[in-house]
Each structure stands twice: as structure tokens, then as C-alpha cells.
Amino acid sequence: MNRMKVDEEEYWHSSKFKAFTFDDEDDELSQLKESKRAVNSLRDIVDDDDDDLEKFSWSGEPVGSISWSIKETASSSSGAFEGRDSGLQKGSSAYTTFPKPVSSYSLSSFFKGRHVAFSSTALSETGVKSYAPELRRPKAEYKDYNSDWSPKDTVRRMQKGKICSLERFRSLQDKLLLLDEAVAVHDGNVITAILIFMKRTLKKAILFRELEVRQVALRHLIHFLKEIGEQKLLLDLLRFLDRMEEAALTQYREHLSIQDADKRKEFLKGCVGLPFSSEDAVHVQDHYTLLERQIIIEANDRHLESAGQTEIFRKYPRKASILNMPLVTTLFYSCFYHYTEAEGMFSSPANLKKTFKIPDKQYVLTALAARAKLRAWHDVDALFTTKNWLGYTKKKAPIGFHRVVEILQRNSAPVQVLQEYVRLVEDVDTKLNLATKYKCHDVVVDTYRDLKDRQQLMVYRCKVERGSPEEDKIDGILSSSQIRWKN
Amino acid sequence: MAAHLSSGRVNLTALREAGRRELREFLDKCAGSKAIVWDEYLTGPFGLIAQYSLLKEHEVEKMFTLKAGRLPPADVKNIIFFVRPRLELMDIIAENVLSEDRVRSPVRDFHILFVPRRSLLCEQRLKDQGVLGSIIHREEYSLDLIPFDGDLLSMESESAFKECYLENDQTSLYHAAKGLMTLQALYGTIPQIFGKGECARHVANMMIRMKREFPGSQNSIFPVFDTLLLLDRNVDLLTPLATQLTYEGLIDEIYGIQNTYVKLPPEKFAPKKQGEGGKELPTEPKKLQLNSAEELYAEIRDKNFNAVGSVLSKKAKIISAAFEERHHAKTVGEIKQFVLQLPHMQAARTSLANHTSIAELIKDITTSEDFFDNLTVEQEFMSGIDTDKTNNYIEDCIAQKHPLIKILRMVCLQSVCNSGLKQKVLDYYKREILQTYGYEHILTLNNLEKAGLLKPQASGRNNYPTIRKTMRLWMDDINEQNPNDISYVYSGYAPLSVRLAQLLARPGWRSIEEVLKMLPGPHFEERQQLPTGLQKKRQHGENRVTLVFFLGGVTYAEIAALRFLSQIEDGGTEYVIATTKLINGTSWIKSLMEKLEPPPF
């Protein structure tokens, strides 16, 4: 059936549907097209024999939520849902208390009688206004097809979603009146639409100047420019307003959309020196330096890895590139693959530590985690060993040895390694807790011995394996006559 | 389905029905068979208004999610897009429409339903893409306030807080005002309006203006609400940052409740024997709806989690006893009686089984060491201990790379409880965060600063202790089992926002003028004139009804606290709650984070 053809003819030969337009758009062609479309859809209602258009059942529908149905209907036919709708529920009584709208216009009631006597008001009247009488407006206000609307009327029409021609507002003063009217009704949608019009028809300098004294509108324009990504104009505006820090951050934000590492680096380089707050300026500088280093390290390591000559890369192939990783992750990477390198090398942990002023605590934590992962216990040991000027060695941990133990344990260090550090935990209770938890029997036994706590030692004896060296050790201590037990 | 909406003091079914009617009217405009293409975000909120059956009655035969490319085949006359007014969605629609024309075969009509409203900007975009002319109906569906429960309405506008307090965009306030006008059209003019905060002031102004501009028909409905209280979220930035400790609050903190539904790990819900659901795949998360239609849930949702266990075990005994009854049923009449009760008993048993499983899941988490440590730090901050120095636990969490949102939540909490951090402390946290999580988070930290969540202490003054003491925000003796104060919802901390509501009802804000001045934004009172016939003559002992509107979001714990106040004997006030969005600390902070591009791998 060539529906289109027939309807097209009918459209051109009849004028009775003329009033049925949704927008008073300036663009005449699209208006016609729309009407035609509308007519097509209307025909179906008119011809439809279905009398059930007004039917609605106030049923409970326990199953069949919308999101669930999307999946269902997308795959199968809709027949499957019959029977899921259960009967009426309590709610029906509530319905009767609901205030009926004065005019319950619906399309079907219009067309049943083949009256085509409706103006554009009828359609816009349905919707929220029909049950919200307070929002309804007197009919007299609909002076349709009058093209000479005041700013107030124009804004009202726009609020209702009708596209109006703003070109009539030629003088700056008219445009500003229009804008002020929109701001007064707080409708962001309309404000933005007018701002777009002004942005298109006004010189930048004038637009900026006028918005500076109209803060609400100004905020909407900034939000809009962000939304559509008009970076350049946005930056110009912020600079004009002397909001330098915001402008700097806005510019900096743009790096996120640059995928290529080299281009991103260059972009960040351009951000260094922008008027950030003093703390942020340091961070942005560091961000740039870090990416610069990462690019060098990445190129070098990719090469090493593919050459296949370096043991560490063969044994532990890299899971991902180091580009754009946070500083601490980079440090971990460096401690993992480049631990022994001299400070002169960009990829060395020492160099990173120095360049970015990484605090001792942070450095030790990261290095420990990396070396423990490689089970390089010697390195772990060296990390906490300090020599004083007499050449004596001493163990020191800026993070506290209980943390060291936890990290080692997480990397499944053997008991021999673990107990060495448990022993170094200063707080006795913590030490006992950790030693018991990780089965460092020696430490537990020695600690109880030092505490001269015979009872606890006897209790612990029951926990260790029968005939184990630990048991022997406990027995030895218990039978010693040298110790003056406190209990 | 909607029974739970009529259970409260105000029958919110009317609001839901209004929404359904509007939807039907729109669907009927597009005559013939239809397919709906959904902006996925909208399916949740719409589910609270209508089920698929309603759409089906109006010839909706297929439903798809909005995706780029070509629309799936469907032998229907109309394609209707249900979308939020967003530019990126317009681009997808344009792509759909354009690729459709090339196929040619059956001619389908296109329509768009904008939710919650049309946008000139979007229509312009469609025009630019050359498809505006192909869209027949473009309408708006003002889903401003969606009824969630008998006493709860939400606009589900996820970006409302960000727009209002970061970008100063008042569009969502405009919607809030419109939603309130609709509400007044259905439930009568609200005679008294109180408010605190800049946004509250704006909404009240808009309401008054709208009323003046549409005097068309006098509202002749007897007012249901006595008072409207508008509260800015930024008056109380503290509360959402703390971990909620009510049952519902914890479910939301841990699993996230979306439009009254929660998705849970399926393991604990595996059907024990021949369950009604048949063979359930244990890989799919278990989806449950949570609202007051479920008797048991209504009873426990607002309790402190520590009080939930005893209720559940009590219920278990009652149900077991009820099932035991069958042995005593001797006569045919008794057996019949028993059989009649069976469906109800079975439903109760299922409900009990579900909540026992959920409680177990939550317990696993609340008994963990990390949860305890985190809570300890929060409570220290809220009671004013050590808020002015760097916190070891936060430091440890950063070192162990706990999720960034968790870190931000704690740091912000500390900042708010100290009226801003000392510059040295703030700089330290910032550096640690940027070095560990990436420098690009400078942007997020700046957003938090703009929103007032994370800031340097101005002029070295800390107002929080005064506010805490005057408003009794920290209570040392709390009763979690049988609470006597709202502070039970955070096991010690009484939400500031709810205290404001409580003090307004009794003895009035005049008693706390000094503190009100310390909180941001103006406080005000407005009266809306009622025709003489509609002025309320309150029966002796009848409670007042107050609508509390949280602009920028509300947490489940705050809702629980207000419900607690509604239920107090001689409380004198019952509360209905409205908000722009149901939030928790995590979803809230997330909405303020700069959207970072996903890493390239």
C-alpha cells in the first residue's frame, strides 16, 4: 500500500489539518513535512476500529518491570507476558480520590467524532497542566500566529518548548531584555537557547562585557561551553573575567582527551607556567616531568623486552605499559625492573625519589613491596640496615616494622624472613600478636622467656606440634634454673 | 504494586497515577504499534511509574536500549525514543534515524519523549544533524518527583548537587520548584514554607513567582501538607560522608540501591530445594525490590543494623510456630483455615529468608577489621577528636591504595569536622593522593574544594565544636535497640539536617539563631495565603504534616531519622521526604569527580 503517496495528495488537497502543527518554526519546509507526517499518523487513529484507546486498567502488575521487559521483548515476541498481570489491587480506591482534570482532552476523543476543531492549544494543554490546574494558563494568553511577541511572551513560548524565531531581536537592548526575562524565570533551557543566539549575533567583547554584569546568565554560558567543548571561547571568557586559575585548570583538563603520549606530554609542557595556585603549579610541573620520564623508560624497556636479552623482563614480562601511571606505580615499576641502576639513570628508583622529592616513608613502602614481590630478601634486608659512623649496623624502618611484616606476609615471605622482622617490632603486644598470627614460634617463645611468663609459655607449648624443635626449645627453657619466673 | 504508596500519611498514589495518565496520553498520540527505544538511565525511574503491561496496553510491542548504529528490526509503525535531554544522546538518535532511512523497507514514524523536559539545545542539535524534520512528536514528560515509597519522593537527578553547588546552574532547582507546584496542585497549597540555604531561597522564590504567574484557577484542594521545609545539602555536608548504620543505609553503602532495587551476590540466595524459580544460575546477581510493601522490610529498614538480628530471629520463631499449627489442625474447618493462611505464611518465609541472607552478607563486612577501623576514625572526627592533624589510618589506606573514593570521603569528613583543614595537613593529603592515584585528580580535588568539602581552614576558626554542642550532634549514650534519639542511625552522630527539621518543629529555629548564622546561606520563612474555606482546623491531637525537601540529595539514614521522628509518640509532626536524588557518600563523591578517560589499555 502506498500510504505515503495517498496521504501526500490528501494533504495538498485539503486544508483541514492545517492547524495541526507542533512548532511555529521559521523553516517552512520542515513545517510542512511535519504536518504531513502528523497527518499520516492521524489517519491511523481515525481509521482505527480499536475502541480501547481510552481503556486502562488500574492493575498491579507485579512482574514485568520496564528494564526487564526490554531484554524480553528485544529477543522474543510479546505474547509471553500474558497472565503476568495480576488483578486489581488496593490502589483502585485511591484512584477515585484523584482530582479529575477539568478538560480531559485526549486525541481519541477528538477524532472519534471526526471533529477537527482543535487549535494548537489543545495539544499543549494535555500533559502536566491537565492535572495541575495551578499551572494552567488562561486561554486568552494564546495569541497564536502573532509574530510580534514581546520578550516576555517569547520567553513563555520557549518555556513551553516551542521554537521561536529570535532574529527579530536585533538591537543589543532587545537581546538583553530577552535574556533578562529568561533569567527572571530561572529556566536554564531558555536561558541557554538565548545565549546561543546572542553568542552567534554579538561580538565577543560585547557579549563578555554584558555577561559580566549578569552572573546567572554567565554561569549558564560557561556550563554550556564546557558541555559542547568550545574550549577556545571558554578560555577567552575566563581570561576576560580574570578567573585565571579556573582558566588554567580548564586548559589543563584538556590533556585527558589526548591519547597519544608524546602529544599529551607536549600539551602538558604548555600547561606548565599557567597561572595555577602555587601548590597546583608544582603538581602540574611534576605531571609533565613524570610523563616525560615515562616516555623515555617505556621506549627503552619495550626495546629491552623485545630483544629478550634481559633476564628480568624474560622472567616477569610486563603486564602493561608504564605510560600515564601514577607516580607511586612508576616508582614500584622502577624498583621492580631497575632497582640496581645508578642515580644518573632516569629509570632508577633513586632518580625518581630525588626528582619528585618522594618522602622516605613512601619510598621504603614501595621499594619493599617491589623487592618482596621478587622475593629479593637481601634487598629487603638492605633497605632497613643503616650503618653508623663506627661501622656498626642497625635496623631501622621509617614505617614501623609491623607494617614491614604485613607487607612481607602479603608477599608470602618464608617464616625465617618474617620472624626476623617480627622480632624488631617494638611494641611487645603487637609483636606477640604478629608472631602468633604468622607462627613465628621462636619469637613467641623468646618473648615469653624475656617476659618471664611461665604460664603463657606453658599454654603456648600446647599449641606447637608434638616433638617439634619448638617444643624441645620450650621444654629447655621451662626446665632452666637460670630464669626467675614471675608466675 | 502501588499499595505501598498509599500506606503513609499522604496518599502518593495520586501522584503516580498522574504520571501514568500523562504517559498514556502520550502513547496514544502515536497511534498504532510502537517500539520504545530507551535511554537506559530512565528505565529505573519509569519502572516506578509504570510496568510493561501498561505500555503493552497501548500497543508497545518492542523495547530496545538506545545504542549507536542501526535500530534492530521491529515490525511496528512507531519508534519512540525515551531520552534525557542530552546532546550525546541526540547524536545517537540522529544516527539511528539516518541509518533507518537507508533501509527504506517499512516506513516507521519517529517520536521523542524528553524526560524530564524538552530542550531547545537538543532540538537544535537534531536540526544540525538533519533529522529534526523526521521526528513527528517531540514532547516532554515531566517526571519531576517520582514516588518511591509512601513517604518518599525523588527527582533522581544524579547531577543536581554538582550543578547547583559547583556550576551554579539552577536548572534542577527549576525542576524542583515545578515538581512542588505539581504536588501542590494535587495536595493543596502548602501554607508555610521554611528554608535554609541559597538554593532553598531560590526554590521558594520560584514557587512564589510561579504561583503569582498562574493565578488562572484557584486551587480548591484542602491542603494536606502544613509545612514545607527546604534544605540545602551544603548546609549539612557532613552527614552523607559518614557511613550509614541503618539496615537500609548499609545495603545502600555496600551494594547500592537503584530505584528501590538492589543487586546482591547470588551465592547466599541459591534455592535450597525445588524452589519456585526453578533452576537459577548462581552467576547472575540476585535482584530484589526494597520498599514498604514488604512487611518485614518496612519493620527493619530503619533500624540500626545491630538491632536487626534480634528482629529476624523473633520473626523466625513466629513463622515456625505458625507452620507448626498444622499439627493441631484437626477438623476440616481448621485445616481449611490453615490452608487459607498458607500463601501469606510462605511469602513471609521467603521475605525472612531473603533478609536473613542480606543481613549475613552485611555482617561479613561490618565485622571486618577494616570496616571497624574506618568507623572508628569517622566517629573520632565527628566527636571532634584529632581533626587538626594528619590521620594515620588515612595515610595507611593511601599507602595500600584503597579505593580513591574511600580516601576522599574520609579526608572530606575530616575537613568538614574541622571547618577546613590546616594548610599543611591539606597539602600533605593532596600530595599523597596525587602521587598515588595520579596527578589528573587535581581536577577532582578542585571540585571538592569548590563544593566546600575539602578546603583550608579560613582564619583558623573551627565552628564545628560549637555547632556540634548546640545541636547535640554527638550523643555518647545511644540505644541502638530501642532508640530514644535520631543519633541511633549513625551510632552516635545525629544528622545535622534532621536536627534542623526537629528543632524547627519544636521549639522553633529562634532557639538556634546563632548556629544558623554559622551555617551557609540564609534562613527564611514564607507564608502562602489560603482561601478562608480551606484553612485548616486541626483536630485535637492530630499531627502536622511537614514535607522536607533536600536540595542536593538525601541519605537513607537521614530518611530513617525522619521516620523515627514521625513515629515518636506526641512528636506532633509527621514527615514526608522529597529530594533531588537518593545518595550515599560514595555516589555523592563520585558525582563530583572529574570524569577521567579510561586508561588506554
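Treat the numbers as computed from the prediction; the structure is a model and nothing was measured.

Novice: Describe the overall build of chain A, with residues and values.
Specialist: Along the backbone of chain A there are 27 helices and two strands. In chain A, which comprises 487 residues, the proportion classed as buried is 47%. Within chain A, contacts between residues separated by at least 24 positions form 50% of all contacts whose residues are at least 6 apart in sequence. Taken as a whole, chain A presents about 25800 Å² of accessible surface, with 52% of it coming from carbon and sulfur.

Novice: Go over the overall build of chain B, please, and point to the residues and values.
Specialist: Along its length, chain B carries 23 helices and 15 strands. For 601 residues, the compact-globule estimate of 2.2 N^0.38 gives 25 Å, and the C-alpha radius of gyration of chain B, at 26 Å, lies within 12% of that figure. When its C-alpha atoms are laid out on the principal axes, chain B stretches across 75 × 70 × 70 Å. A burial count over chain B gives 61% of its 601 residues as buried. Counting every atom, chain B has about 23700 Å² of accessible surface; 52% of that belongs to carbon and sulfur. The average position of the 74 basic charges and that of the 77 acidic charges among the side chains of chain B differ by 3 Å.

Novice: Which residues make up the packing of helix α8 (residues 151-159) of chain A against helix α10 (residues 188-201) of chain A, and what values do they have?
Specialist: All names here are of chain A. Direction vectors running N to C along α8 and α10 enclose 115°, while the axes themselves pass 9 Å from each other. Considering only the axes of α8 and α10, their crossing is right-handed. Contact residues: α8 offers V155, M158 and Q159, while α10 offers V190, A193 and I194. Grouping the amino acids of the contact of α8 with α10 by side-chain chemistry returns five nonpolar, one polar and no charged.

Novice: Explain the pattern of salt bridges residue by residue, including any values.
Specialist: Counting across every chain of the model gives 63 salt bridges over all chains. We note a salt bridge from R449 of chain A to D450 of chain A, for which the minimum N-O separation is 3.3 Å. With a relative accessible area of 51%, D450 of chain A lands in the exposed category. Among the salt bridges present, the one from K406 of chain B reaches D370 of chain B, with a minimum N-O distance of 2.6 Å. Here D370 of chain B lies in helix α14 (residues 369-382) and K406 of chain B lies in helix α16 (residues 404-416), a separation of 36 residues in the sequence. Among the residues examined, K406 of chain B registers a relative accessible area of 19% and is labelled buried.

Novice: Before we move on, can you summarise the packing of aromatic side chains with the specific residues and values?
Specialist: As enumerated under the stated definition, the model contains 25 aromatic pairs over all chains in all. Their ring planes at 70° and their centres at 4.9 Å tell us that F336 of chain A and Y337 of chain A sit as a pair that is edge-to-face. Neither F336 of chain A nor Y337 of chain A differs from the other in exposure class; each is buried. Ring centres of Y428 of chain B and Y429 of chain B lie 6.2 Å apart, and the angle between their planes is 55°; on these two criteria the pair is classed as tilted. Its guanidinium or amino end placed over the ring of F169 of chain A, R168 of chain A lies 4.5 Å from that ring's centre, counting from NZ or CZ. Between the NZ or CZ atom of R201 of chain B and the centre of the ring of F524 of chain B, over which it lies, the distance is 4.1 Å.

Parameters at a glance
Residues numbered from 1 in each chain as written. Chains lettered and ligands numbered in written order. Predicted model: local features only at pLDDT ≥ 70, side-chain atom pairs only at ≥ 80, totals over all residues. Heavy atoms only, no water. Helix = DSSP H or I, 4+ residues; strand = E, 2+ residues; numbered from the N terminus. Buried < 20%, exposed > 50% of the residue type's maximum accessible area, 1.4 Å probe, protein only. Contact = heavy atoms within 4.5 Å. Areas by Shrake-Rupley, 256 points an atom, 1.4 Å probe, with all protein chains shown as cover. Rg over C-alpha atoms; globule rule 2.2 N^0.38 Å. Lys, Arg positive; Asp, Glu negative; His and termini not counted. Charge placed at Lys NZ, Arg CZ, Asp CG, Glu CD. Axes fitted to C-alpha atoms, helices over the stretch in contact; angles between N-to-C directions. Left-handed = near helix turned anticlockwise from the far one by under 90°. Nonpolar A, V, L, I, M, F, W, Y, C, P; charged D, E, K, R; others polar. Salt bridge = Lys/Arg side-chain N within 4 Å of Asp/Glu carboxyl O. Phe/Tyr/Trp six-rings, centres within 6.5 Å; stacked < 30°, edge-to-face > 60°. Lys NZ or Arg CZ within 6 Å of the ring centre and 35° of its normal.

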